[in-house]
Structure formats: C-alpha cells, structure tokens
Amino acid sequence: MVDGTSETGEGTPRLRRWWRAALTGLCVVLLLGPAALAVVRVLGLDDGTVLALPMAALPYAALLTVPAAAVLAGLRRWVLTGLAVVLVGLQLWWLLPRVVADGAQVPDGAPRLRVATSNAYLGGVSPTALVDLVRTQRLDALAVEELSVSAAQALDAAGIRELLPHREMPAGSDTALFTRLPVTGAGDPAWPTVNVTVAVGGRPVQLVAVHTYYPLGDARRWAAGMHELRDAAAGRSSGDAVLLGDFNATLDHAPMRSLLATGLTDTHAELGTGLMPTWPEHNRDFPRLPPLIQIDHVLHGRALRAVSVAEYTLAGTDHRAVVAELAVLDRNGE
C-alpha cells in the first residue's frame with residue numbers, strides 16, 4: 001500500500017519541474033521571433049526580400065523580450081537569461097535614440113520652414129481636410145502621394161492654389177509638391193522623384209517628395225527605389241535637402257538606414273518621437289486597426305534642424321499626415 005503523503009510529496013516537485021520546463025519553453029518560443037528579427041537587422045537581410053515585412057514589427061519585439069528575460073531570471077535559467085539580456089541590450093541600442101531628443105539648439109533668427117506629407121490613399125483623402133491642414137498649420141510646402149488628377153482638381157476647388165500657388169506634378173506621376181515659396185529650380189534629374197528648390201529666407205532648400213513602392217507588393221522594387229534615393233543623396237551635396245513622403249519603410253529597414261547614412265536625419269527620431277506610428281489609419285479592410293508602424297517621414301540634411309513634428313488624422317486616407325517645422329541654417333550650421 002502506497003502512503004498518500006509520500007505520493008503527494010513526490011508529486012509536488014514533479015509538478016514544479018513541469019511548470020519550470022513549460023515556462024522555460026514558452027519564454028524560448030517568445031524569444032525566437034525577436035532573435036530572428038535581430039539577426040535580420042544586423043545582417044540587413046530585409047533589403048529587397050520578404051523579410052522587410054516582419055522587420056516593420058521590430059519595435060514590438062521588445063514587448064516580448066523584456067518579460068521573457070525577467071521570467072527566465074526568476075527561473076534561474078542563467079544561460080538563457082544571458083542571451084535574453086543581450087537581445088534586450090540590442091533592442092535598447094536601436095530604439096532608445098528614437099525616444100530621446102538630441103537636444104540640439106536652434107539658432108536665434110534662423111528662418112523656419114513648415115512642411116507636411118500626406119498619402120492621399122488613391123485620391124480618396126478629403127480635399128477640404130487637407131486644405132484645412134495647410135491653412136491651420138501655416139504650411140510652406142506640402143508633398144502628396146497617391147494623388148490622382150481628379151484629386152488634384154478637387155484640391156484646387158477646395159482652395160489649395162490660394163495657399164500654395166506653386167506645384168510640381170509631372171505627367172504620369174502620382175506624387176506632387178505644392179509650395180507657397182518662390183521656386184528657384186525644378187526637376188533636378190539627380191533625384192529619382194518629384195523635387196523643387198525653394199528659397200527660405202534667401203537660403204536654398206531642395207524639397208524631394210518620396211513615394212516608394214510597398215514591399216508587400218514587390219520587395220525588390222521597393223528596395224530599388226530606396227537605393228535610388230540613397231545614391232542620389234550620396235552622389236551630391238544633400239545638406240540642404242528635405243525628403244518627405246511615404247517611404248514604406250521604418251527606421252529599422254536596411255534601405256532606410258542606408259539612406260540615413262548619407263547624412264540625412266529623421267525628424268521624428270531627432271525630436272524623440274521616432275516610434276510614433278503613421279499607418280494604417282482608418283484602413284478600409286481593417287477599420288478598427290490602430291496605426292502600428294511609422295512609414296511616413298520627413299528627413300533633412302545638415303543645413304537644417306528640426307523644431308517640431310506632429311501627426312494628424314485626415315478623413316479619407318489610411319496614413320496620418322506628418323507636419324514638421326525645420327530651421328534653415330547657414331553653411332556654417334548657424
């Protein structure tokens with residue numbers, strides 16, 4: 001006859017070992033995704049491949065890594081804890097600079113430039129809402145992507161010409177630049193997309209509207225478009241350039257990091273808001289899905305400095321508009 005107390009005494013340690021093993025296994029599973037994304041990011045394996053899609057979710061990987069590391073430490077699984085801590089360290093190395101403003105001072109008296117970008121969602125954006133944004137935010141320039149001819153005409157009817165009388169929208173392009181500033185040069189072929197040069201306080205600034213192909217449709221085409229931007233920025237003096245639009249890329253994507261490495265700065269990251277999502281907003285297929293990733297950006301060269309940046313919801317589009325104010329410096333950075 002087996003003693004009941006003895007049986008219970010043997011069962012309790014066995015149950016504890018089972019729970020420890022189950023929790024360890026769960027933590028390992030939770031860490032697999034973030035670890036794989038870390039490898040992809042370090043090696044740049046998302047450049048022109050389908051890995052660009054999961055790479056967009058890298059900031060959310062920290063939400064899995066930190067609690068998994070804590071649980072493993074509590075279980076005294078030291079080797080796995082060490083690996084998890086290394087992974088947490090990598091994520092902090094990548095993400096912390098985006099949520100901490102660089103603290104650079106804007107010189108007194110530096111001319112200001114207020115710009116915005118809005119994806120029109122195949123022309124579906126409310127023209128009234130977009131023109132109201134131009135008016136209330138006192139914009140100097142606006143880049144619009146996925147803008148159809150009929151949508152451009154609707155903007156005219158809503159009064160955009162009175163606010164931003166100059167525009168550059170080549171035939172066959174779905175991207176346009178609107179500006180109220182004097183245009184001193186248009187259509188520089190060094191850039192692969194719509195661009196104009198304007199005068200801000202007597203200083204030249206090159207505005208480049210960006211709309212790359214989306215990686216879900218063709219990752220190679222998306223990467224090629226990003227590489228063209230990188231080559232244009234690297235092959236010429238881009239210190240006075242402002243690239244704004246729908247890049248279909250986050251700051252973790254290898255092509256975006258390559259573009260920034262030419263000397264451009266992301267305005268969101270510069271001001272400590274580099275994790276603010278801009279897409280999807282009011283998605284027709286998933287109307288209750290909140291914005292999750294930041295793919296709309298305002299980048300600028302060394303001759304400019306960020307003052308402010310904010311996102312705005314507009315009716316009829318699945319992207320948040322991004323409005324940024326930049327200070328235009330002289331050649332000495334003053």
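Located above this text is the structure these notes cover.
Rules of the game
Residues numbered from 1 in each chain as written. Predicted model: local features only at pLDDT ≥ 70, side-chain atom pairs only at ≥ 80, totals over all residues. Heavy atoms only, no water. Phe/Tyr/Trp six-rings, centres within 6.5 Å; stacked < 30°, edge-to-face > 60°. Buried < 20%, exposed > 50% of the residue type's maximum accessible area, 1.4 Å probe, protein only. Lys NZ or Arg CZ within 6 Å of the ring centre and 35° of its normal. Helix = DSSP H or I, 4+ residues; strand = E, 2+ residues; numbered from the N terminus. Contact = heavy atoms within 4.5 Å. Salt bridge = Lys/Arg side-chain N within 4 Å of Asp/Glu carboxyl O. 1 Å grid on protein atoms, 1.4 Å probe; cavity = no way out; pocket = protein on both sides within 12 Å on 5 of 7 lines; lining within 4 Å. Points joined across faces, edges and corners; volume = space filled by probe spheres on them. Nonpolar A, V, L, I, M, F, W, Y, C, P; charged D, E, K, R; others polar. Core = buried A, V, L, I, M, F, W, Y, C linked by side-chain atoms within 4.5 Å.

1. Quick look at the packing of aromatic side chains
Each aromatic ring pair is summarised here by two numbers: the centre-to-centre distance and the angle between the ring planes. Applying the stated criterion to the full structure yields two aromatic pairs. Seen in terms of ring centroids, W18 and W19 are 5.1 Å apart; in terms of plane orientation they differ by 90 degrees. Their pairing is edge-to-face. Exposure remark for W19: the relative accessible area of 47% places this residue in the partly exposed category. Positioned above the aromatic ring of Y213, the side-chain terminus of R221 is 3.8 Å from the ring centre.

2. With respect to helix α5 (residues 127-136)
Looking at α5, one finds that the buried residues are A129, L130, V131, L133 and V134. Lining the buried residues of α5 we find β1 (112-119), β2 (141-145), α6 (149-158), α7 (160-163), β11 (304-312) and β12 (321-328).

3. Examining the pattern of salt bridges
If you walk through the whole model with that rule in mind, you get ten salt bridges. Its salt-bridge partner being E325, residue R114 comes within 2.6 Å of it at the nearest N-O pair. Of this pair, R114 sits in strand β1 while E325 sits in strand β12, placing them 211 residues apart in sequence. You'll find R114 and E325 in the same group, each marked buried. The salt bridge involving R230 is made with D231; its shortest N-O contact spans 3.1 Å. Through salt bridges with shared partners, one network takes in R41, R98 and D252.

4. Here's the deal with the layout of surface pockets
The calculated volume of the largest pocket comes to roughly 610 Å³. Along its surface, the largest pocket is lined by 23 residues, and Y214, P215, L216, N248 and W279 are the ones closest to its centre. Class assignment for the residues of the lining of the largest pocket results in twelve nonpolar, seven polar and four charged.

5. Looking at the nonpolar core
If you look at the biggest cluster of nonpolar residues, it comprises 23 residues, and the most contacted ones within it are L113, V115, V205, L207, V242 and V298. Going through the elements one at a time, β1, β2, β6 (195-200), β7 (203-211), β8 (241-246), β11 and β12 are the ones with two or more residues in this core. Looking at this core element by element, the count peaks at four residues for β12. Apart from the residues within four sequence positions on either side, V115 is in contact with L139, A141, L207, L244, V298, V322, V323 and A324. V125, A129, V131 and L164 belong to the second largest nonpolar core, which has 22 residues in total.

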